[in-house]
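Structural overview
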Amino acid sequence: MAGDRPEGGEVLLLYSEGNVAARVALEREVRGWSTTELAERVTRAGIKMNQTAVWRIENGTPRRRINLDEALAFSRVFELPLEELMSPPLEGLDIDSRRLVQEAVEAFYEARDARDRLHHAVVAIADHIKAHPDSSRAIHEQCLLLMGDERDARTLSSDIEDGGHY
């Protein structure tokens, strides 16, 4: 597309509409979404789009242009900063590698959120025991009952006694 590659074969522009089109295709494939699913997600993000428009953005000759509102919607749907969406896709990673990295990143944030939730729950129980010391034994027994594994229950009880999970 005009503006993506300067005359004379110089390198691609750092930020371009062509990069957005390539990133749209890449990010959609990494997530395992069809063009129809992406169009539905963009529509839910507030910009009406159909499957044909997504296909033409990714594959059309000439490629379908992307307006700013659509670029912002893609940015929201893919949870990427607009600047990153406009940047050239990283070289050297195939789709399977990108999917694995995407899965690892999602798992990392889920685990971090779970650790935070556990920490807050443990702190709340520790505070409760401080206010009601006679409840300590019953709380530890309840941990064992609910967890079913004595070693795990002891680990949780130890965290409670220490006043936190971290």
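Look up: the structure comes first, before these words.
These notes cover the structure that comes with them. Just so it is clear, the structure is predicted and the values come from calculations on it, not from any experiment. (Residues numbered from 1 in each chain as written. Predicted model: local features only at pLDDT ≥ 70, side-chain atom pairs only at ≥ 80, totals over all residues. Heavy atoms only, no water.)

1. Some points on helix 3 (residues 51-59)
Inclusion rule: Burial classification: accessible surface area is computed with a 1.4 Å probe over protein chains only, and a residue below 20% of its type maximum counts as buried, one above 50% as exposed, and the rest as partly exposed. Secondary structure counts use DSSP, requiring at least four H or I residues in a row for a helix and at least two E residues in a row for a strand, with both numbered from the N terminus. As used here, the arc belongs to the directions running from the helix axis to the C-beta atoms. For this analysis, residues touch if any pair of their heavy atoms sits within 4.5 Å. N or O atoms within 3.5 Å of each other form a polar contact, as long as, within protein, one can give a hydrogen and the other can take it, and as long as residues adjacent in sequence are counted only when both atoms are side-chain atoms.
For helix 3, every residue scored as buried is listed here: Ala53, Val54, Ile57 and Glu58. Along helix 3, the residues classed as buried sweep out an arc of 130° about the axis, all on the same side. In the core, the buried residues of helix 3 are packed alongside helix 1 (17-31), helix 2 (35-44) and helix 4 (68-78). Measuring from the backbone nitrogen of Thr52 back to the side-chain oxygen at the start of helix 3 gives 3.1 Å, which picks out Asn50 as the cap.

2. Considerations on the packing of helix 2 against helix 4
Operational definition: Between N-to-C directions, angles cover 0 to 180 degrees, with each direction set by a line fitted to C-alpha atoms, over the stretch in contact for helices. Working definition: roughly parallel below 35 degrees, roughly antiparallel above 145 degrees, roughly perpendicular at 65 to 115 degrees, and oblique for all remaining angles.
Helix 4 packs onto helix 2 with a crossing angle of 105° between their chain directions and a minimal axis gap of 9 Å. Relative to helix 4, the element helix 2 lies roughly perpendicular. Taken together, the residues of helix 4 that come into contact with helix 2 (itself represented by Leu38, Arg41 and Val42) are Ala73, Phe74, Val77 and Phe78.

3. What to know about a nonpolar patch on the surface
Let me state the cut-off plainly: Residues forming no salt bridge and having over 30% relative accessible area are the ones grouped into patches, like charges within 9 Å of each other and nonpolar side chains (Val, Leu, Ile, Met, Phe, Trp, Tyr) within 5 Å. Each accessible area is a Shrake-Rupley estimate made with a 1.4 Å probe; only the visible protein chains count as cover when residues are assessed. Just to be clear on terms, a salt bridge is a Lys or Arg side-chain nitrogen sitting within 4 Å of an Asp or Glu carboxyl oxygen.
Taken together, the side chains of Val101, Val105, Phe108 and Tyr109 define a hydrophobic patch exposed on the protein surface, amounting to about 360 Å² of accessible area. With respect to the secondary-structure elements, Val105 resides in helix 6 (residues 95-131). Given the relative accessible area of 38%, Val105 is considered partly exposed.

4. A few points about the layout of surface pockets
Where empty space is left becomes clear once a probe the size of a water molecule has been rolled over the atoms. The criterion, for reference: A 1.4 Å probe that fits into a set of points on a 1 Å grid over the protein atoms alone but cannot get out defines a cavity; an open set with protein on both sides within 12 Å along at least five of seven lines defines a pocket, and lining residues are those with an atom within 4 Å of a point. Grid points are joined across faces, edges and corners, and a volume is the space filled by probe spheres set on the points. Classes in brief: Ala, Val, Leu, Ile, Met, Phe, Trp, Tyr, Cys and Pro nonpolar; Asp, Glu, Lys and Arg charged; the others, Gly included, polar.
Considered as a void within the structure, the largest pocket measures approximately 530 Å³ in volume. Those elements that provide at least two residues to the lining of the largest pocket are helix 1, helix 4 and helix 6. When residues in the lining of the largest pocket are grouped by element, the largest group, six residues, is from helix 6. Each residue belonging to the lining of the largest pocket can be placed in one class, and the counts come to eleven nonpolar, two polar and seven charged.

5. With respect to unusual backbone geometry
Residues Thr61 and Pro62 are joined by a peptide bond in cis, for which omega reads 0°. With respect to the element layout, Pro62 can be found in the loop between helix 3 and helix 4. In the Ramachandran plot, Glu79 falls in the positive-phi region, its phi being about 55° despite a non-glycine side chain. Mapped onto the elements, Glu79 comes out in the loop between helix 4 and helix 5 (82-86). Among the residues examined, Glu79 registers a relative accessible area of 72% and is labelled exposed.

6. Considering a negative patch on the surface
The line we're drawing: Charge assignment in this entry is limited to Lys and Arg as positive and Asp and Glu as negative, and neither His nor the chain termini are counted. Lys charges are placed at NZ, Arg charges at CZ, Asp charges at CG and Glu charges at CD.
A contiguous patch of negative charge, built from Glu79, Glu103, Glu106 and Glu110, is present on the exposed surface. In this structure, Glu110 sits in helix 6. The class of Glu110 is exposed, set by a relative accessible area of 55%.

7. Notes on the nonpolar core
Applicable threshold: Think of a nonpolar core as a cluster: buried Ala, Val, Leu, Ile, Met, Phe, Trp, Tyr and Cys residues, connected wherever their side-chain atoms sit within 4.5 Å.
By size, the foremost hydrophobic cluster in this structure holds 20 residues, and its most contacted members are Leu38, Val42, Met49, Ile66, Phe74 and Phe78. Those elements that provide at least two residues to this core are helix 1, helix 2, helix 3 and helix 4. In contact with Phe74, other than residues within four places in its own chain, are Val24, Leu38, Val42, Met49, Ile57, Ile66 and Leu85. Core analysis: the next-biggest nonpolar cluster, separate from the first, contains seven residues, Val122, Ala126, Ile129 and Ile139 among them.

Purely geometric stuff here, so don't read any function into it on its own.
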